[in-house]
Every structure is written in C-alpha cells, then in structure tokens.
Amino acid sequence: MTLFAPFTGTLYLPDKEFLAASTPVLLPDGRPVAGVVWHTWTQRFEITDATGSIVAECRPEGFFRRRFPVRTLDGRRVIELVPGAWRPFNGAELTLASGGRLAVRQISLWSDRKFEFYGPQGLVGRILPTTGTFTFRPDSYAFEVLMPVMSALEAVSIAQALRLVARGNRSAAAASV
C-alpha cells in the first residue's frame, strides 16, 4: 500500500505509550502501514512508511495562533491545520495537499476525541476513539475514510495534528484550574 494514493477504509492510530518514541498506524487486519514518531516537548512529529523511513514531518508554527503544517521531506504540503481562534475544532481551517479544504466538526459536546470531516460532496470521514476517556492512552483513534478524497498520509497527518490540538487544549484547561 502506498501512503500517497487516494485511500478509503479505516486506519487505527494507537496513542503514545509512556517512554515510547513512536507508534504504529495499522490497518484493520493489524498490518502496519505507517508510523508516527513523537517529539513531545516541541510538539513536532514525523510520519514514517512501513519500513521506518520518514516521509513527512510537522513543525508547528506560531505562538498565539498555532499552525500545524505537515510537509514531505522535499517541502510539498501534505496538510495544513489551523485551529479556530475561539472554537479550535469547529472553526479549524484544514487544507489538503491538492488545495482542497475540509470542514472539521467536533461531534461530541464535552470530548475532544470525536470528529467528522466534510467536503463539497458531504461527509468524507470521521475519527472515533478506540479507548475510554479516563485511560492511560485516551487518544487512540480509528480514522474512517469514507470517500477517496485524501491519501492515507493525509489521514494520518490530520489525526496526529488534531491530537496535538486536543492535548494542548487539555493542558491549557488543567493549567487554568
């Protein structure tokens, strides 16, 4: 499977384990198709192919209004996620490699772990949690891509960028208490 081809199906993205530097991205049958290398302190991440070679990276930009651009190693855009100023998820700007835009919709009132994505043709995908809210790995996701509007690489990039935004929101909420 190539990460750059249009994709439909489900990708499983386990949350980071304590002290682990990376996590796999799996197909429903358990085969790894990619991986995510985490840099917790800087919020950077890399996406690797099944062999472990880096194919894309995200280096968040900005201070007050963070941007999460994911680019291939030669500089081509994979996605760019810009959280909304007042509503980080529902007001987010999500641009794909083709230049197409998807609307992000948070589908749970109190949880920042369920999302739907809409294009001009309607619902194109959704992210659902695969673990409970109060577990050690709350950000384990299943990304269901319903229409071939994005590649597997774009799907992994979207899920990982949303993880960073959700974790940032939780950290900010915990610090304000």
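See the structure shown above.
So, here is what we can say about the structure in this document. (Residues numbered from 1 in each chain as written. Predicted model: local features only at pLDDT ≥ 70, side-chain atom pairs only at ≥ 80, totals over all residues. Heavy atoms only, no water.)

## Section: the packing of aromatic side chains
Selection criterion: Two aromatic rings, drawn from Phe, Tyr or Trp (for Trp, its six-membered ring), form a pair once their centres lie within 6.5 Å of each other, and the interplanar angle then sorts them: stacked below 30 degrees, edge-to-face above 60, tilted otherwise. Starting at the N terminus, helices and strands are each numbered in turn, a helix being any DSSP run of H or I of at least four residues and a strand any DSSP run of E of at least two. To sort residues, take the accessible area from a 1.4 Å probe on protein chains only and compare it with the maximum for the residue type: under 20% means buried, over 50% means exposed, and anything in between is partly exposed.
Taken as a whole and judged by the stated rule, the model has 1 aromatic pair. An angle of 15° between the planes, with centres 5.3 Å apart, marks the rings of Phe117 and Phe143 as stacked. Pair noted here: Phe117 is in strand S10 (residues 115-119) and Phe143 is in strand S12 (residues 141-145), with a separation of 26 residues, a long-range link. The exposure class assigned to Phe117 is buried, which follows from its relative accessible area of 0%.

## Focus on the pattern of salt bridges
The cut-off we apply is this: What makes a salt bridge here is a side-chain nitrogen of Lys or Arg within 4 Å of a carboxyl oxygen of Asp or Glu, nothing more.
Counting across every chain of the model gives 8 salt bridges. With a closest N to O distance of 3.2 Å, Arg76 and Asp74 form a salt bridge. By relative accessible area, which is 48% here, Arg76 ends up partly exposed. Asp74 sits in the exposed class, given a relative accessible area of 57%. With a shortest N-O distance of 3.1 Å, Glu116 and Arg105 are connected by a salt bridge. Residue Glu116 is found in strand S10, and its partner Arg105 is found in strand S9 (residues 101-106); the two are separated by 11 residues along the sequence. Note on Arg105: relative accessible area 41%, which makes it partly exposed.

## Thoughts on the pairing of strand S4 (residues 44-49)
The following threshold applies: Note on pairing: two strands pair once DSSP finds at least 2 bridges between them.
Pairing analysis gives 6 bridges linking strand S3 (residues 32-39) to S4, with the strands arranged antiparallel. Note that in S4 the partner of Ala34 across the bridge is Asp49. As consecutive antiparallel partners, S3 and S4 are separated by 4 residues, and within that stretch Gln43 has a phi angle of approximately 65°, a positive value. Between S4 and strand S5 (residues 54-58), which pair antiparallel one after the other, the connecting turn spans 4 residues, and Gly52 there sits at a positive phi close to 100°.

## A look at the environment of Glu144
The criterion, for reference: Note on contacts: a residue pair qualifies if any of its non-hydrogen atoms lie within 4.5 Å across the two residues.
Mapped onto the elements, Glu144 comes out in strand S12. Put simply, Glu144 and Glu116 are 28 residues apart on the chain and 9.4 Å apart in space, counted from C-alpha to C-alpha. Ignoring sequence-local partners within four residues, the contact set of Glu144 consists of Gly9, Thr10, Val124, Gly125, Arg126 and Leu128.

## Describing the environment of Ala155
Position of Ala155 relative to the elements: it lies in helix H1 (residues 152-175). The exposure class assigned to Ala155 is buried, which follows from its relative accessible area of 0%. The spatial distance from the C-alpha of Ala155 to the C-alpha of Val145 is 7.8 Å, given a sequence separation of 10 residues. Apart from residues lying up to four places away in sequence, Ala155 is in contact with Leu11, Phe143, Val145 and Met150.

## As for the environment of Thr130
Looking at the element boundaries, Thr130 is found in the loop between strand S11 (122-129) and S12. On the accessibility criterion, Thr130 (42% relative accessible area) is partly exposed. Sequence separation of Thr130 and Tyr141 is 11 residues, and the distance between their C-alpha atoms is 5.4 Å. Not counting the four nearest positions on each side in its chain, Thr130 is found in contact with Tyr12, Ser140, Tyr141 and Ala142.

By themselves, these are just geometric observations and shouldn't be taken as functional.
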